[in-house]
Amino acid sequence: MLRGLLALLGWVALAGAPGIVAGCRNPAAHEVDAAALDPGDAPAIDAAALDPGDAAIDGPAIDGPPGVPDLQLVAGDMRRYRVTPTMIEADHCAVTEGCVSGTGMRQLLRFPTETVNRGTGDLLLPPVPDPEISDDNYEWSPCHKHHHLKGYTRYELVGREGVILTGRKQAFCIADMKQIDAGAHQQFDCASQGLTRGWADVYDWDVDCQWLDVTDVAPGTYTLRVVVNPDGMFPDSDRTNNNFTMPVAL
Ligand SMILES: [Zn+2]
């Protein structure tokens, strides 16, 4: 009881932390089982202690052609992940959104995603269509009651035989949430989407669909690979720096 209460308090504190945008965290739509997020059962694991991975995102901004964004991933916070047991009822948005491979108690590999624009230009996004309308760039979610930007990030769990699971960020909005490089002024939010050079977009680990459903994955060590702009849908001067990998123990 006490542990459950502490977990709930911790979750509330995290959800209310400054700099974390609500995004897809719509309480009425998602019903994340906060009591299941018991830190005693699902400790955050510092992957840096296991393996450095191949992410080297903390270096200086790369010189690119003038006026072109360069999307990258910020390794630091992304190295912390959790595997949480979470109850997914049949009417949960995650079912209709295809974010789980079954209902009932699911084991979800959760991690934050932080993407940064370290190019020479701002990332400008097309205007969002009207409610209930989907187009080439945005998909209307009837369950979440907002649009999801397509093709922004992809998540993969990789084993010895290759990719085992694939997921993607259910991007509610891409916005300037965290300043990485000094000097750039914040200009984008959910009403006017984009990513200013020198700013990062942050999705925390407790956002709906910010996970891979690993319920049916055999115990072992795997590689989590996160790719921003995987299909080149967005202007990006260097796509060789779009990958982040780290080992995860399941
Ligand atoms: Zn959503």
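Participant: Give me the overall build of the chain: which residues, what numbers.
Facilitator: When helices and strands are tallied, the chain shows four helices and 16 strands. By residue count, 37% of the 250 residues in the chain fall in the buried class. Contacts spanning at least 24 positions in sequence make up 70% of the contacts within the chain whose residues lie at least 6 apart.

Participant: How would you explain unusual backbone geometry if you had to name every residue and give the values?
Facilitator: One non-glycine residue, Glu132, lies in the positive phi region at around 75°. With respect to the helices and strands, Glu132 occurs in the loop between strand E6 (123-124) and strand E7 (138-141). When the 9 C-beta atoms within 10 Å are taken as the criterion, Glu132 is described as exposed.

Participant: Hey, could you go over the sheet that holds strand E15 (residues 221-228) for me, with residue numbers and the actual values?
Facilitator: Adjacent strands of a sheet pair through backbone hydrogen bonds, lying either parallel or antiparallel. If you trace the four strands from one edge of the open sheet to the other, you get E10-E9-E15-E16, paired in antiparallel fashion. The open sheet has two free edges, formed respectively by strand E10 (162-168) and strand E16 (243-249), since each of these has just one partner strand. The average undirected angle you get between the axes of adjacent strands in this sheet is 25°. Sheet topology note: the strand E9 (residues 153-159)/E10 ladder contains six bridges and is antiparallel.

Participant: Describe the environment of Asn229, naming the residues involved and giving the relevant values.
Facilitator: Along the polypeptide, Asn229 turns up in the loop between E15 and E16. Considered as a pair, Asn229 and Asn243 are 14 residues apart in the sequence and their alpha carbons are 9.4 Å apart.

Participant: Let's hear about the pairing of strand E5 (residues 113-117): which residues, and what values?
Facilitator: Of all five residues making up E5, five are buried, and the element is well covered by its neighbours. Burial of the side chains of E5 extends over both faces: Thr113, Thr115 and Asn117 are buried on one face and Glu114 and Val116 on the other. Bridge analysis of E5 against strand E13 (residues 199-203) gives four bridges, and the strand direction is antiparallel. Its bridge partner being in E13, Thr113 is matched across the sheet by Tyr203.

Participant: Describe in detail the pairing of strand E4 (residues 104-110), supporting the description with residues and values.
Facilitator: For strand E3 (residues 80-88) and E4, the ladder comprises seven bridges, and the chain directions are antiparallel. The residue bridging Ile88 from the neighbouring strand is Gly104, located in E4. Inspection of the sheet shows E4 paired to strand E14 (residues 211-213) by three bridges, in the antiparallel sense. Each residue of the ladder has a partner; that of Leu109, found in E14, is Leu212.

Participant: Tell me what's going on with the environment of Cys93, and back it up with residues and numbers.
Facilitator: Here Cys93 shows up in helix H4 (residues 93-96). Cys93 sits 49 residues away from Pro142 along the chain, and the two C-alpha atoms are 9.1 Å apart.

Participant: I'd like a rundown of the environment of Gly104, residues and numbers included.
Facilitator: Note that Gly104 resides in strand E4. C-alpha of Gly104 to C-alpha of Met87: the two residues are 17 residues apart in sequence and 5.4 Å apart in space.

Participant: Requested: an account of the sheet that holds E5, with residues and values cited.
Facilitator: On the basis of which strands lie adjacent, the open sheet formed by four strands has the order E2-E5-E13-E11 and antiparallel pairing. Since the sheet does not close on itself, it has two edges, and those belong to strand E2 (71-73) and strand E11 (178-179), each with one partner. In terms of strand pairing, E2 meets E5 through three bridges, oriented antiparallel. The partner of Leu73 across the bridge, within E5, is Thr115.

Participant: Could you give an account of the confidence of the model for the chain, with specific residues and numbers?
Facilitator: With 74% of its residues at a pLDDT of 70 or more, the chain has an overall mean of 78. Contacts for the low-pLDDT stretch residues 1-23, under 50 throughout, to residues beyond four places or in other chains number 29 contacts. Within the model, pLDDT remains below 50 along residues 25-62, and this stretch shows 74 contacts once partners closer than five positions in the same chain are excluded.

Here is what the cut-offs are and how they apply
- Residues numbered from 1 in each chain as written.
- Predicted model: local features only at pLDDT ≥ 70, side-chain atom pairs only at ≥ 80, totals over all residues.
- Helix = DSSP H or I, 4+ residues; strand = E, 2+ residues; numbered from the N terminus.
- Buried ≥ 20, exposed ≤ 12 C-beta atoms within 10 Å, placed from the backbone.
- Contact = placed C-beta atoms within 7 Å.
- Pairing = 2+ DSSP bridges.
- Axes fitted to C-alpha atoms, helices over the stretch in contact; angles between N-to-C directions.
- pLDDT = per-residue confidence, 0-100.

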